[in-house]
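Working through the structure, step by step
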Amino acid sequence: MKEIEQLHQKKVLVLGLAKSGFTAARFLHKMGAFVTVNDSKPFEENPEAQELLNMGVTVICGRHPEDLLDEGFELLVKNPGIPYSNPVVLAAQQKGVPVWTEIELAYRISEAPFIGITGSNGKTTTTTLLFHMLNQDEKKPLIAGNIGTVASGVAEHAKPENVIVTELSSFQLKGTQTFRPRIAIVTNLYEAHLDYHGSVEDYEASKMKLTQNQQAEDYFIYNADQPHLAAYAQKCKAQLVPFTLKGKTPVSISADDEFIYWQGKELIERSKVMLGGQHNLENILAAAAAALIWGGTEETIIRVLTSFTGVKHRSQFVVNWKGRKFYNDSKATNALATKSALEAFPDNIVLLAGGLERNHSLEELRPYMKRVKALVIFGETSDRFERFAYDCGVPAVEKVSDMYDAVVKAVGHSTDGDTILLSPACASWDQYENFEIRGDAFIEAVRKVTEEDE
């Protein structure tokens, strides 16, 4: 771990706790900074704040005082989910106080290099695939970031021989300054999170901060099938590694209907790859390219691709019960992700969808709604989903209030051979703390319903 001398005895405000804020505050305190934590959750309901107070950290809970920045802070480390419209963040920017997310802190303290993965969809699958490829080739990878392990906590114990494979959201990347991954991956770019970023331009600019500090010895792996992403790549200083699904290319990595190719040579037959769906092919190409660049072997990549079946909450197979296959795709928090899931399955889908209302368009789903025989909807978007489903000619639509009832209704509309798919196309925060809890609720409901009917 590298020491950050400029933080010793400096006043640092950590805004928002959860896992990343707690880890950052604990570490900054350990580094000798004078840390104040501010979190909106009341102190008596906030075990992280209570633990930090016991360490000697100053804690302010229950509100975000607008005059907080009058205390002379020299750095603000904010939880990625707190928007830049927050009064405390705005005050910091007006005063010229640097605003970081803990990813910046992780990079500055890490002795290990980073591989950074972002994109509108496919981040988790790409990160997990790459970790398995490098791990099986004994490249000593560590996994961190938006995938669930806090990057600064991983970086604290990382050694130079490690590499930190890091899933990164636009929220996290927006708060970076010097972050420089040796390999940067952007799986794709689609319109998303406009309620947070305010514009497509800010969203894309935040994503592309991933490659902003890269140099000629670094690598940028990107989706060449997206013209606007290819245009961003031309401004990058790193070595470009495009991937394409449009057939064999003599350089980089590519795929057609039969094979995946590395530098124009056959790497693996598509039919032997366990992970299904056209959208997952993007993730496979990106992960395989990164593994090969980092010194991985083709043999290991083939072994992983012929055994890896997916990650939890991302088109995760749950059970085959009375001929019905249940899939948990709770991580599909926008219409594009749900479109990709629908694309991966044939007809006779019973779809469970809905959640937080962000007023994003559902039109990307329209061409695939003919595959849906019944739609079970919940959450704030229920009414809009109902209108959309009827407009698309979905034969049956059911509104429910909880996940158990959703699974019961889904089973009632299904027959032998059908797919029952949770792919909400919305964030979970209207009913659940996060998409993982929503997905676990689906899995538990499936367990109960199927056991009750044995």
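Nothing here was measured: the structure is a model prediction, and the numbers come from that model.

**Looking at the overall build of the chain**
Each helix and strand counted, the chain has 16 helices and 20 strands in total. Its C-alpha atoms give the chain a radius of gyration of 23 Å, within 12% of the compact-globule value 22 Å for 454 residues. Summarising its shape, the C-alpha atoms of the chain cover approximately 65 × 55 × 40 Å along the three principal directions. When each of the 454 residues of the chain is scored for burial, the buried share is 55%.

**Considering the pattern of salt bridges**
Under the definition given, this model contains 22 salt bridges. Residue Glu 363 is joined to Arg 366 by a salt bridge in which the shortest nitrogen-to-oxygen separation is 2.8 Å. Judged by relative accessible area, Glu 363 falls into the partly exposed class, the value being 41%. Linked by salt bridges that have partners in common, Arg 180, Arg 182, Glu 217 and Asp 218 make up one network.

**Description of the pairing of strand S14 (residues 265-269)**
Here four bridges tie strand S13 (residues 259-262) to S14, and the two strands are oriented antiparallel to one another. Residue pairing for S14: Phe 259 is matched across the bridge by Glu 269. Counted between consecutive antiparallel strands, the loop separating S13 from S14 contains two residues, among which Gln 263 sits at a positive phi close to 55°.

**Side note on the packing of helix H15 (residues 403-412) against helix H16 (residues 435-452)**
Remark: H15 packs on H16, axes separated minimally by 8 Å, with the N-to-C direction vectors making an angle of 50°. The angle between H15 and H16 places the two elements in the oblique class. In this structure, the crossing between H15 and H16 has a hand that is right-handed. Residues Met 403, Tyr 404, Val 407, Val 408 and Val 411 of H15 touch H16, and the partners they reach there are Arg 438, Ala 441, Phe 442, Ala 445, Val 446, Lys 448, Val 449 and Glu 452. Class assignment of the residues belonging to the contact of H15 with H16 gives a composition of 10 nonpolar, no polar and three charged.

**Topic: helix H11 (residues 278-293)**
Here H11 is 16 residues long and its end C-alpha atoms lie 23 Å apart, about the 22 Å a rise of 1.5 Å per residue gives. With 14 of its 16 residues buried, H11 lies for the most part within the structure. Backbone geometry just after H11 places Gly 295 at a positive phi near 100°.

**With respect to unusual backbone geometry**
Leaving glycine out, the prevailing phi sign among residues is negative, and the prevailing peptide bond configuration is trans. At Gln 263, a position not held by glycine, the phi torsion is positive, near 55°. When you line up the elements, Gln 263 lands in the loop between S13 and S14. Even without glycine at this site, Ser 315 takes up a positive phi of about 50°. Tracing the sequence through the fold places Ser 315 in the loop between helix H12 (298-305) and strand S15 (316-321).

**Description of the sheet that holds strand S3 (residues 58-61)**
Backbone hydrogen bonds are what pair the strands of a sheet, in a parallel or an antiparallel way. If you walk across this open sheet you meet the five strands as S3-S2-S1-S4-S5, and the pairing is parallel. The two strands at the open ends of the sheet, each matched to only one other strand, are S3 and strand S5 (99-100). When strand S1 (residues 11-15) meets strand S4 (residues 75-78), the two strands line up parallel, connected through four bridges. Following the sheet pairing, Val 14 is matched in S4 by Val 77.

The rules we used
Residues numbered from 1 in each chain as written. Predicted model: local features only at pLDDT ≥ 70, side-chain atom pairs only at ≥ 80, totals over all residues. Heavy atoms only, no water. Helix = DSSP H or I, 4+ residues; strand = E, 2+ residues; numbered from the N terminus. Rg over C-alpha atoms; globule rule 2.2 N^0.38 Å. Buried < 20%, exposed > 50% of the residue type's maximum accessible area, 1.4 Å probe, protein only. Salt bridge = Lys/Arg side-chain N within 4 Å of Asp/Glu carboxyl O. Pairing = 2+ DSSP bridges. Axes fitted to C-alpha atoms, helices over the stretch in contact; angles between N-to-C directions. Parallel < 35°, antiparallel > 145°, perpendicular 65-115°, else oblique. Left-handed = near helix turned anticlockwise from the far one by under 90°. Contact = heavy atoms within 4.5 Å. Nonpolar A, V, L, I, M, F, W, Y, C, P; charged D, E, K, R; others polar. Expected span 1.5 Å × (residues − 1).

Interpretation in functional terms is not warranted from these geometric data alone.
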